[in-house]
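The chain contents come next:
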Amino acid sequence: MTGSSFREFAELCEKLAETSERNAKIQLVASYLKALSPEDAKAAAYLLVGNPSGEKRREPINVGWATVSEALEGGKVATLLQSELTIQDVLQLLRSMAKQEGPGSRGVKKAILQSLLSRAGPLEEKWLLRIIFGEMRHGVSHGLLLDALAQVAGVDAERIRRFDMLVGDLGELAEKTLKRELETVELKPFNPVKPMLAEMAQSVKEALIEHGGKTIFEPKYDGVRLQIHISGGEVRLYTRRLTEVTKSLPDVEEAIRKGVRCREAIIDGEVMAVDERNRPLPFQETMKRLGREKEVEKAAAEIPLRLQLFDLLLLEGRPCIDKPLTERRRLLEEITVDKHLLTPQLLTESPEEAGAFLSNVVEQGYEGVMAKDPRSLYTPGRRGGKWLKVKPADTLDVVIIAAEWGHGRRRGWLSNYHLAVLDEETGRFEMVGKTFKGLTDKEFEEITSYLQSIKIKDMEWGVVVRPELVVEVAYNEIQQSPHYRSGYALRFARVTRIRWDKHPQEVDTLQRLKTLYEKQFEKKGRLNTGE
Ligand code: AMP
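Residues numbered from 1 in each chain as written. Predicted model: local features only at pLDDT ≥ 70, side-chain atom pairs only at ≥ 80, totals over all residues. Heavy atoms only, no water.

The protein chain appears in an unreviewed UniProt entry as DNA ligase from Caldiarchaeum subterraneum. Word for word, the UniProt comment on the protein chain under Function (unreviewed entry) is "DNA ligase that seals nicks in double-stranded DNA during DNA replication, DNA recombination and DNA repair." Quoted straight from UniProt, the Cofactor (unreviewed entry) entry for the protein chain says "Mg(2+)". (UniProt positions renumbered as here; feature names shortened; annotations may be inferred.)

This is the structure:
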């Protein structure tokens, strides 16, 4: 196979790891990508962020250290006509490893790995293993790669993020950039796009200040994000990871058919499981419904879902994402005949009113509130704080990087989880604490079997795993820690939700943890001075 060599890719990675300055990294990546064919740029983009399966699928390679070291010890299988390893070869072989399942799969994976390693020099081997273990440590985050692509395309940072939102996959975005096809990308039904996300604010007051003194508050539902596409009499539903879930949710489809009047639209909302009195149930009940593909009608009767709509991206062939929120909402109200579907809103300038809204919402069993800047456009990701979530408890999204075997009641389960945040500067996941609190027996079982499937290495005390599983943890305080390389530790961390819907790159960052630490210190300072 022809194409760009993996050796060149490994050399780039090595240079990136030695370069600390962000702009210099962007330059390196941009000039590397510029020289590639569109197909190679696509493969390189997946490999650069250490995610060969791409964003729309969840297919981790699941190869443990034991298999890797056996493959390494097995020695090189030399053949006469050893062709040079290309990035396409690597991507394809890693993907075929990820597809192996069931008995005998370990042997097949080992054989594939051995054939890969035998064609790799020491530098290529090093970067191959980093891709396999899911941690590149060269500081190329999703955002940095976007900035490099912006440079290749000759567009600004905002614009490339808009394209990323519309395309929904870094590899495809890189390919389109090289093909000079970005401008042809458009919002259209049945092409799910990345949803707008929220940043955290400490209080409703902070949210008001951030939004210039006046903002819209909505309940923050503890459910699952749903993007609803309607066209030609058809309705399709997508999650925030852009997978289609229409088949699992016939009741939601029905609610849309009855409650929304239009020919073509893309609507944003949240769906949650509710009890017989329409009160929200815990998040895992909603997840159960989304996972069901058989006996769906029965599941729908057992766990009813409630749909809440809050945004509109496209209406009758015209994009709405560049209209302000208030205008998008007005259009959404026009097409929504079942008014129960509309998320309630409070537009206010008053911290007191906002505070009362928050207490009321929490009283009703919701997680907190969302504050949305009334003037804001529908922008990708969580940039600029246009949407802010305010929760009464402090929580962080972290990724599990290792787990210890439990004792006593928790014997047989992997139960003490090592929690990590993402250091945006280095691209490493850095540990900030451990916890075994907050989970039900069933969740322990579920997590134990999942963690074993993404195990990298067995240890005497437990397992080291590929950073894949995101959990939301509540904590009482952030402390400085001489113990962890991150420099920080979460005091009394406990798991509040397993975030099967989140990608490890979406966890909170070390940089954010530092800011939160400082803020907390400010608060304490005020308390001490009696303010
Ligand atoms: P988080 O997942 O904690 O970062 O919070 C953002 C998520 O909250 C969104 O992706 C939605 O799934 C969810 N959400 C709940 N209620 C709302 C709302 N009223 N507006 C927007 N997102 C909401």
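From this point, things continue past the structure.
A few words on the UniProt feature "binding site: ATP" (unreviewed entry) in the protein chain. As annotated by UniProt and renumbered to match this structure, "binding site: ATP" (unreviewed entry) occupies Glu218, Arg225, Arg240, Glu270, Phe310, Arg383 and Lys389. The subset of these annotated residues that lines the largest cavity comprises Glu218, Arg225, Arg240, Glu270, Phe310 and Lys389. Mapped onto the secondary structure, Arg225 falls in strand β3 (residues 224-231). Residue Arg225 is classed as buried on the basis of its relative accessible area, which comes to 11%. The contacts of Arg225, once residues within four sequence positions are left out, are Pro195, Met196, Leu197, Tyr238, Thr239, Arg240, Asp268, Gly269, Glu270, Phe310, Tyr378 and Trp387. At 2.9 Å, the side chain of Arg225 forms a polar contact with the backbone oxygen of Met196. (1 Å grid on protein atoms, 1.4 Å probe; cavity = no way out; pocket = protein on both sides within 12 Å on 5 of 7 lines; lining within 4 Å. Helix = DSSP H or I, 4+ residues; strand = E, 2+ residues; numbered from the N terminus. Buried < 20%, exposed > 50% of the residue type's maximum accessible area, 1.4 Å probe, protein only. Contact = heavy atoms within 4.5 Å. Polar contact = N/O pair within 3.5 Å; in protein donor to acceptor, adjacent residues only side chain to side chain.)

Looking now at the layout of surface pockets. Quantified by volume, the second largest pocket comes out at close to 670 Å³. The wall of the second largest pocket is formed by 26 residues, among which Met287, Leu290, Gly291, Trp500 and Asp501 lie closest to the centre. Mapped by element, the contributors of at least two residues to the lining of the second largest pocket are β3, α13 (283-291) and α17 (441-453). Considering each element in turn, the lining of the second largest pocket owes the most residues, seven residues, to α13. For the lining of the second largest pocket, a count of residues per class yields eight nonpolar, five polar and 13 charged. (Points joined across faces, edges and corners; volume = space filled by probe spheres on them. Nonpolar A, V, L, I, M, F, W, Y, C, P; charged D, E, K, R; others polar.)

With eleven of eleven residues buried, strand β6 (residues 305-315) is to be regarded as a mostly interior element. Bridging between strand β5 (residues 265-273) and β6 involves nine bridges; their strand directions are antiparallel. Its bridge partner lying in β6, Ile267 is registered against Leu312. Judged from the two bridges that link them, β6 and strand β7 (residues 318-319) form a sheet pairing that is antiparallel. Counted as the bridge partner of Leu314 is Pro319 from β7. (Pairing = 2+ DSSP bridges.)

This next bit is on the nonpolar core. In this structure, Phe9 and Leu33 are the most contacted members of the largest nonpolar core, which totals 76 residues. The element contributing the most residues to this core is helix α8 (residues 142-153), with eight residues. Residue-level mapping places this core at the junction of two domains, with at least three residues from each of domain 1 (6-183) and domain 2 (199-390). One finds Ile400, Val432, Ile454 and Tyr517 within the second-largest nonpolar core, a separate group that totals 32 residues. (Core = buried A, V, L, I, M, F, W, Y, C linked by side-chain atoms within 4.5 Å. Domains from an automatic or database assignment.)

So, on to helix α10 (residues 170-178). Burial within α10 is extensive, with seven of its nine residues counted as buried. Taken residue by residue, α10 has Leu170, Gly171, Leu173, Ala174, Glu175, Thr177 and Leu178 as its buried positions. Summarising the contacts, the buried residues of α10 are in contact with α2 (22-34), α3 (38-48), α8 and α9 (157-167). Capping the start of α10 is the job of one residue whose side-chain oxygen sits 3.1 Å from the backbone nitrogen of Gly171: Asp169. One or two residues past the end of α10 sits Arg180, with phi positive at roughly 60°.

What follows is about unusual backbone geometry. Of note in the backbone geometry, Phe190 takes a positive phi value of approximately 70° without being a glycine. Note that Phe190 resides in the loop between α10 and β1 (199-200). According to the relative accessible area criterion, Phe190 is partly exposed, its value standing at 21%. Despite not being glycine, Leu242 has its phi angle at roughly 70°, a positive value. With respect to the element layout, Leu242 can be found in the loop between β4 (234-238) and α12 (250-259). Classification of Leu242 as buried rests on a relative accessible area of 9%.

Around the ligand sit 14 residues in total, of which Glu218, Arg225, Glu270, Lys372 and Lys389 are the nearest. Side-chain polar atom of Arg240 to an oxygen atom of the ligand: 3.4 Å apart, as the coordinates give it. Contact distances for the ligand include 2.4 Å between an oxygen atom and a side-chain N or O atom of Glu270. Protein chains shield 98% of the accessible area of the ligand, which is 500 Å² for the free molecule. Structurally, the ligand is housed in the largest cavity. Where the shell around the ligand is concerned, the elements lending two or more residues are β2 (215-220), β9 (368-372) and β10 (387-390). With three residues, the single largest contributor to the shell around the ligand is β2. Classifying every residue of the shell around the ligand gives five nonpolar, no polar and nine charged. (Near = heavy atom within 4 Å. Areas by Shrake-Rupley, 256 points an atom, 1.4 Å probe, with all protein chains shown as cover. Sits in = over half its atoms within 2 Å of the grid points.)

Judged by pairing direction, the sheet is mixed, and its five strands sit side by side in the order β1-β10-β9-β2-β8 without closing on themselves. Each edge of the sheet is formed by a strand with only one pairing partner; in this case those strands are β1 and β8 (346-348). Of the pairings in the sheet, the one linking β2 to β8 comprises three bridges and is antiparallel in character. Note on β8: the bridge partner recorded for Ile216 is Leu347. Packed on one face of the sheet, helix α16 (residues 351-363) meets β2, β8, β9 and β10 and runs near 140° to β9. (Axes fitted to C-alpha atoms, helices over the stretch in contact; angles between N-to-C directions.)

Close contact between α8 and α9 brings their axes to 9 Å; oriented N to C, the two are set at 110°. When the axes of α8 and α9 are compared, the pair comes out roughly perpendicular. Relative to α9, α8 is oriented so that their crossing is right-handed. Residues His142, Gly143, Leu146, Asp147, Leu149 and Ala150 of α8 lie in contact with α9, whose contacting residues are Ala157, Ile160, Arg161 and Asp164. Here the residues of the contact of α8 with α9 are counted per class, giving five nonpolar, two polar and three charged. (Parallel < 35°, antiparallel > 145°, perpendicular 65-115°, else oblique. Left-handed = near helix turned anticlockwise from the far one by under 90°.)

Inspection of the entire model under this criterion finds four cavities of 30 Å³ or more. The calculated volume of the largest cavity comes to roughly 320 Å³. Along its surface, the largest cavity is lined by 22 residues, and Lys220, Arg225, Arg240, Glu270 and Met370 are the ones closest to its centre. Going through the elements one at a time, β2, β3, β9, β10 and β19 (494-499) are the ones with two or more residues in the lining of the largest cavity. The leading source of residues in the lining of the largest cavity is β2, at three residues.

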